[in-house]
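Survey of secondary and tertiary structure
Take a look at the letters that make up each chain.
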Protein chains: 2
Amino acid sequence: MSTVTRARALTHDNINPHVKRAQYAVRGELAVKSEEYRARLAKGDKTLPFDHVISANIGNPQQLDQKPITFFRQVLSILENPKLLEHEDVLLNALGYKPDVVERAKWLLSKVGSVGAYSASTGVPAIKQSVADFLERRDGFPADPADIYLSIGASSGVNTLLHIICAGPETGLLVPIPQYPLYTASLDVLNAKCVPYFLDESSNWDPEISNIKSSLASARKAGTDVRAIVVINPGNPTGATLPESDIRDIIELARQEKLVIIADEVYQTNIFKGEFVSFKKVLRQIQRENPDGKFDHVELASLHSISKGMVGECGHRGGYFEVCGFDPKVKDEIYKFVSITLCAPVIGQCLVEMMVNPPREGQPSYELYKQEYDQTFNSMYERATALYNAFVQMEGVECAEPQGSMYLFPSIKLPQKAIEAAEKEGREADEFYCLRLLDATGICLVPGSGFGQKENTLHFRTTFLAPGTDWVGRIVEFHKKFMDEYR
Amino acid sequence: MSTVTRARALTHDNINPHVKRAQYAVRGELAVKSEEYRARLAKGDKTLPFDHVISANIGNPQQLDQKPITFFRQVLSILENPKLLEHEDVLLNALGYKPDVVERAKWLLSKVGSVGAYSASTGVPAIKQSVADFLERRDGFPADPADIYLSIGASSGVNTLLHIICAGPETGLLVPIPQYPLYTASLDVLNAKCVPYFLDESSNWDPEISNIKSSLASARKAGTDVRAIVVINPGNPTGATLPESDIRDIIELARQEKLVIIADEVYQTNIFKGEFVSFKKVLRQIQRENPDGKFDHVELASLHSISKGMVGECGHRGGYFEVCGFDPKVKDEIYKFVSITLCAPVIGQCLVEMMVNPPREGQPSYELYKQEYDQTFNSMYERATALYNAFVQMEGVECAEPQGSMYLFPSIKLPQKAIEAAEKEGREADEFYCLRLLDATGICLVPGSGFGQKENTLHFRTTFLAPGTDWVGRIVEFHKKFMDEYR
């Protein structure tokens, strides 16, 4: 070995194989390429066949057109610079801040101290209380702040829960397919097993209990210690909302089979069709219906986030999860685990507080809040509908009506020649399609293979956040050309 | 089994054993107890022998007395509420914002878009460029933004690096003892090995190269695949700053032995004695001195944070790390790993930008910035000195003069009777001492056993952030009584 070409300590061959195995298509090759296109355009490159990039790969509302809620941001401006409170008259008169903005900022500051200080590891106690109050209003059952953990978006909550649950390579978690790839990626990093259960596309992505049971049985037979089931409701990427009966079935299954339920409920306000019912509410109802206590130890962890809904504050990285029925000694380990990373961003915690406790009717900021909230909601629905109307007219594309979350997840049938061309490049056919779309139009989607899908089916996921209809037209036009080329 | 007492899926016996093994004393039993005392006092409890709790267990400046830098927070207030820019005259005239505040906010908004949007996974490109510019000014050598990763405080940077490096139970990292327990805790969670090297207390906590070499040799002999060395400079908990000669020795060792250097430099501005020299600077100098290229592939990752120094913005969870000499394919895996958690808080990223690019001489906000910066610096030094003066007069206590970071780490000799009393409770003697101190005074320290220490030595770590001298007097008084009781 020459001294000049001293080998490194770390090579792609010797680093953590579990990290290497993980896949996260939402920010994978296509997203990276789209950022390169964006950078080229910003530098004045005129050689591309489009003049801007549309990131429809990730639910990032404020990157596109969604405006932050004024009340939230006014409060945050005071939390960041509490000296503004020395000029209350200027805030109220010259800047138009309402009195409840000032009041909320003062209250939060009295509970938080400085937003520049670490909070307690699981979050600011008063904010956890506020979350508990919200859960009680939402579900009609009490919640205990000691069961609530503020997190760095919902992602870090999932990371914490999986770290606790996964004890070794034999641990398995039931994960819906298609799913948000955070779950499979985190299980890969933790060297634990994903036990897939397929959602039934023909029946509005329903999680058929018989499917789940058979997945569970075969995994256990093969020696996997299946301990938990992930449910994403409303669905990502599917957008479907679970009816209460399905939630009941899953809770009954969890009881029978000793499974922790991880209920990812971050899209709970993004619903166009159906109604959101929380796992917590149904669990408490079932517990009340069963005074013999046989549901008392069902373990549920439910997650929420400020990144989605009409809040859309992804960049502030806030969220929480609530646990029910967990062993106190397990909760001690959750405490220790989160304490190693010190605390969630305090400004994000304050946003969680305002999300769960927004201005109420009769309060000075209510009217504007309501108006902004409704406008965002309606505008998302309009965009989703425009996109849906375009998709259903496209050859070989089938798409369910917009139901919720921030996504449409149409299936596509591609010509054999396209499938072969993809194979030649060593790609999945839907990945090949999305890559061609990006190169031709600057629109970045995520292929269905990034979420998992039944064999011999192809899909893509798109957010419906981007404004305007021009980009929708670009997809239609591309699709036609693509189909003609490979027919 | 009764149906009523259905066992849970998760018990303390079956959850992740690696999480269970991890210890993090900075927020361990004592910190939890201190928070309980704080809550009791807040509720009006008069039965405690003290009327407030002092959290000297964690470097959390703004929880105590440190004021945020006005320029930073004014800019953040605009980033949170960009509508303030519609009232520029009010900002400038009625609220006293300087023109460079408005200018910086506009610039950051032009680069970030909304602080409520996810940024690129490794951080906002313009902020990474700003960090690179800072590193070039600091070290006199160019830095590449593509080598910079913005993180959720330095802790998440460490977490990322260790996830990449640790490939299995046989992977080992050299870690100084005493150390900040993030390192041992993260290695435990990852089921990798801590290979301790002891710092020499008698020689100002010097990392003797011969010690490191012998630790490395025995670990490798025992089959451990030692891949990296952690260096904390300035030291935590020791406060000691490494002279350039030590840094050179460590880089030479890393080259010879193929070790990645992880340089934790979060206290780089908290220096009272000595001078900070970055690993990056020394590495580049050595590379220039060795045109044969034999140092070209030395792998260095250095970390910095907004939580420490005169910034002290812990709650905003911002930081970055820079890698040098890493294999591009390894960097691809770092990208993928951080993309799974989407991005660091964008407001924290903006604070990183301002930390590395504060107001400069001649700019409108410079004078106040300088005054605030110096005042915080001087005040920390005064507090450290007051504490030091108290410690050196205490029986059995030896303490080095304040050197840097935010801590003093005195050694204590306790009477045999106290050691036996601790043993009876199944505790380390220094933990026993700190617990008694907390119960008697409300002051929360961290026992030396939480950082690691040579056998038959005892220490504690205290921050010197709390204002006033009253609490110092309480420690002195407690110590006297404790020694008398157990003599």
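Residues numbered from 1 in each chain as written. Chains lettered and ligands numbered in written order. Predicted model: local features only at pLDDT ≥ 70, side-chain atom pairs only at ≥ 80, totals over all residues. Heavy atoms only, no water.

A tally of helices and strands in chain A yields 17 helices and 14 strands. Here the C-alpha atoms of chain A give a radius of gyration of 24 Å, agreeing with the 23 Å that 2.2 N^0.38 yields for 487 residues. With the C-alpha coordinates of chain A rotated into their principal frame, the extents come out at 65 × 65 × 60 Å. Among the 487 residues that make up chain A, the fraction classed as buried is 64%. For chain A, the exposed area adds up to about 17900 Å²; of that, 50% sits on carbon and sulfur atoms. One finds the centroid of the 53 positive side-chain charges in chain A at a distance of 4 Å from the centroid of its 63 negative side-chain charges. (Helix = DSSP H or I, 4+ residues; strand = E, 2+ residues; numbered from the N terminus. Rg over C-alpha atoms; globule rule 2.2 N^0.38 Å. Buried < 20%, exposed > 50% of the residue type's maximum accessible area, 1.4 Å probe, protein only. Areas by Shrake-Rupley, 256 points an atom, 1.4 Å probe, with all protein chains shown as cover. Lys, Arg positive; Asp, Glu negative; His and termini not counted. Charge placed at Lys NZ, Arg CZ, Asp CG, Glu CD.)

Let us now look at the domain arrangement of chain A. Residues and elements named next belong to chain A. Looking at chain A, the domain boundaries give domain 1 (17-64 + 372-486) and domain 2 (109-356). Inter-centroid distance (C-alpha atoms) of domain 1 to domain 2 is 28 Å. Each partner contributes residues to the interface: domain 1 has 34 residues there, and domain 2 has 36 residues. In total, domain 1 and domain 2 occlude about 3000 Å² of area from one another, counting both sides; carbon and sulfur atoms represent 58% of this. Area buried by domain 1 at its contact with domain 2 is led by Gln 403, Ser 405 and Phe 451, which between them contribute 22% of it. Taken together, the connections running from domain 1 to domain 2 amount to one salt bridge. The salt bridge involving Arg 21 is made with Asp 188; its shortest N-O contact spans 4.0 Å. (Domains from an automatic or database assignment. Contact = heavy atoms within 4.5 Å. Buried area = accessible area lost by both parts, 1.4 Å probe. Salt bridge = Lys/Arg side-chain N within 4 Å of Asp/Glu carboxyl O.)

Further remarks concern the interface of chain A and chain B. Listed as interface residues are 99 residues of chain A and, on the opposing side, 99 residues of chain B. Counting the surface lost from both chain A and chain B, the interface buries some 8400 Å², and carbon and sulfur atoms represent 58% of this. Where chain A packs against chain B, one counts two salt bridges. Here B:Arg73 makes a salt bridge to A:Glu80, at a shortest N to O gap of 3.8 Å. Our enumeration of links across chain A and chain B arrives at 48 residue pairs in polar contact (both at pLDDT 80 or more). Of all elements in the fold, only α1 (17-21), α3 (70-80), α4 (88-94), α7 (153-165), α8 (182-189), α10 (244-257), α12 (328-340) and α13 (346-356) of chain A reach the threshold of two or more residues within the side of chain A that touches chain B. Ranked by the residues each element gives to the side of chain A that touches chain B, the list is headed by α12(A), at eight residues. Considered class by class, the residues forming the side of chain A that touches chain B number 48 nonpolar, 29 polar and 22 charged. (Polar contact = N/O pair within 3.5 Å; in protein donor to acceptor, adjacent residues only side chain to side chain. Nonpolar A, V, L, I, M, F, W, Y, C, P; charged D, E, K, R; others polar.)

Residue and element names in this part refer to chain A. Within helix α15 (residues 416-424) the residues assigned to the buried category are Ala 418, Ala 421 and Ala 422. Here the buried residues of α15 occupy an arc of 100° about the axis, which is enough to place them on one side. Opposite the buried face of α15, at more than 90 degrees from it, the exposed residues are Gln 416, Glu 423 and Lys 424. Those residues of α15 that are buried are in contact with α16 (429-441) and α17 (470-486). Phi turns positive one or two residues past the end of α15, at Gly 426, with a value near 70°. (Arc of directions from axis to C-beta.)

The description of two aromatic rings rests on the distance between their centres and on the angle between their planes. Throughout the structure, instances matching the rule amount to 40 aromatic pairs over all chains. Ring centres of A:Trp205 and A:Phe409 lie 5.7 Å apart, and the angle between their planes is 55°; on these two criteria the pair is classed as tilted. Taken as a pair, A:Trp205 in the loop between β4 (193-198) and α9 (209-221) and A:Phe409 in the loop between β10 (407-408) and β11 (411-412) lie far apart in primary sequence, 204 residues in all. Residues A:Tyr369 and A:Tyr373 carry aromatic rings whose centres are separated by 5.8 Å and whose planes lie at 45° to one another, so their mutual orientation is tilted. Placement of the pair is A:Tyr369 and A:Tyr373 together in helix α14 (residues 366-392), with a separation of four residues, close to one helical turn. When the ring centre of B:Phe295 is taken as origin, the NZ or CZ atom of B:Arg255, which lies over that ring, is 5.1 Å away. Looking at B:Arg461, its charged tip hangs above the ring of B:Tyr407, at a distance of 3.8 Å from the centre. (Phe/Tyr/Trp six-rings, centres within 6.5 Å; stacked < 30°, edge-to-face > 60°. Lys NZ or Arg CZ within 6 Å of the ring centre and 35° of its normal.)

Now for the UniProt feature "domain: Aminotransferase class I/classII large" (unreviewed entry) in chain A. As recorded in UniProt, the feature "domain: Aminotransferase class I/classII large" (unreviewed entry) lies at residues 100-469 of chain A. Taken end to end, residues 100-469 of chain A has its terminal C-alpha atoms 38 Å apart, with 43% of it in helix and 15% in strand. (UniProt positions renumbered as here; feature names shortened; annotations may be inferred.)

This part is about the sheet that holds strand β6 (residues 260-264) of chain A. Adjacent strands of a sheet form backbone hydrogen bonds with each other and so pair up, either parallel or antiparallel. Residues and elements named next belong to chain A. Taken in spatial order, the seven strands of this open sheet run β2-β8-β7-β6-β5-β3-β4, and their pairing is mixed. Across the chains shown, the open sheet's two edge strands, defined by having one partner strand only, are β2 (148-151) and β4. Between one strand axis and the next, the sheet turns by 20° as a mean value, whatever way the strands run. Examined bridge by bridge, strand β3 (residues 171-177) and β4 share six bridges and lie parallel to one another. Note that in β4 the partner of Pro 176 across the bridge is Tyr 197. Its contacts with the sheet place α7 against β2, β3, β5 (225-232), β6, β7 (300-305) and β8 (319-324), and it is angled at close to 160° to β7. (Pairing = 2+ DSSP bridges. Axes fitted to C-alpha atoms, helices over the stretch in contact; angles between N-to-C directions.)

With that out of the way, let us pick up the relation of the copies chain A and chain B. Overlaying chain A with chain B gives an RMSD of 0.0 Å, the required rotation being 180° about an axis along which the chain moves by 0.0 Å. In the structure described here, the two chain copies are related by an operation that fits a two-fold rotation axis. When C-alpha positions in chain A are compared against the rotation axis, the closest is assigned to A:Ser77, at 2.0 Å. (Least-squares fit on C-alpha atoms with pLDDT ≥ 70 in both.)

Enumeration over the complete set of coordinates arrives at eight cavities of 30 Å³ or more. Quantified by volume, the largest cavity comes out at close to 780 Å³. Lining the largest cavity are 45 residues; nearest its centre among them are A:Ser156, A:Asn159, A:Thr341, B:Asn159 and B:Thr341. Looking at the lining of the largest cavity, the elements that each hand over two or more residues are β2, α7, α8 and α12 of chain A together with β2 (148-151), α7 (153-165), α8 (182-189) and α12 (328-340) of chain B. For the lining of the largest cavity, the element with the highest residue contribution is α7(A), accounting for six residues. The class makeup of the residues in the lining of the largest cavity is 24 nonpolar, 19 polar and two charged. (1 Å grid on protein atoms, 1.4 Å probe; cavity = no way out; pocket = protein on both sides within 12 Å on 5 of 7 lines; lining within 4 Å. Points joined across faces, edges and corners; volume = space filled by probe spheres on them.)

This part is about the sheet that holds β10(A). Ordered in space as β10-β14-β13 (chain A), the three strands form an open sheet in which the pairing is antiparallel. In the strand order of this sheet, the two ends are held by β10 and β13 (446-447) of chain A, each with one partner.

One pass over the full model with this rule turns up 56 salt bridges over all chains. The partner of A:Asp484 in a salt bridge is A:Arg487, and the shortest N-O contact between them spans 2.4 Å. Looking at A:Arg487, the relative accessible area reads 52%, which means it is exposed. Notably, a salt bridge pairs B:Arg487 with B:Glu395, separated by 2.5 Å at the nearest N-O pair. Of this pair, B:Arg487 sits in the segment after α17 (470-486) while B:Glu395 sits in the loop between α14 (366-392) and β9 (397-398), and the two are 92 residues apart along the sequence. Judged by its relative accessible area of 39%, B:Glu395 falls in the partly exposed class.

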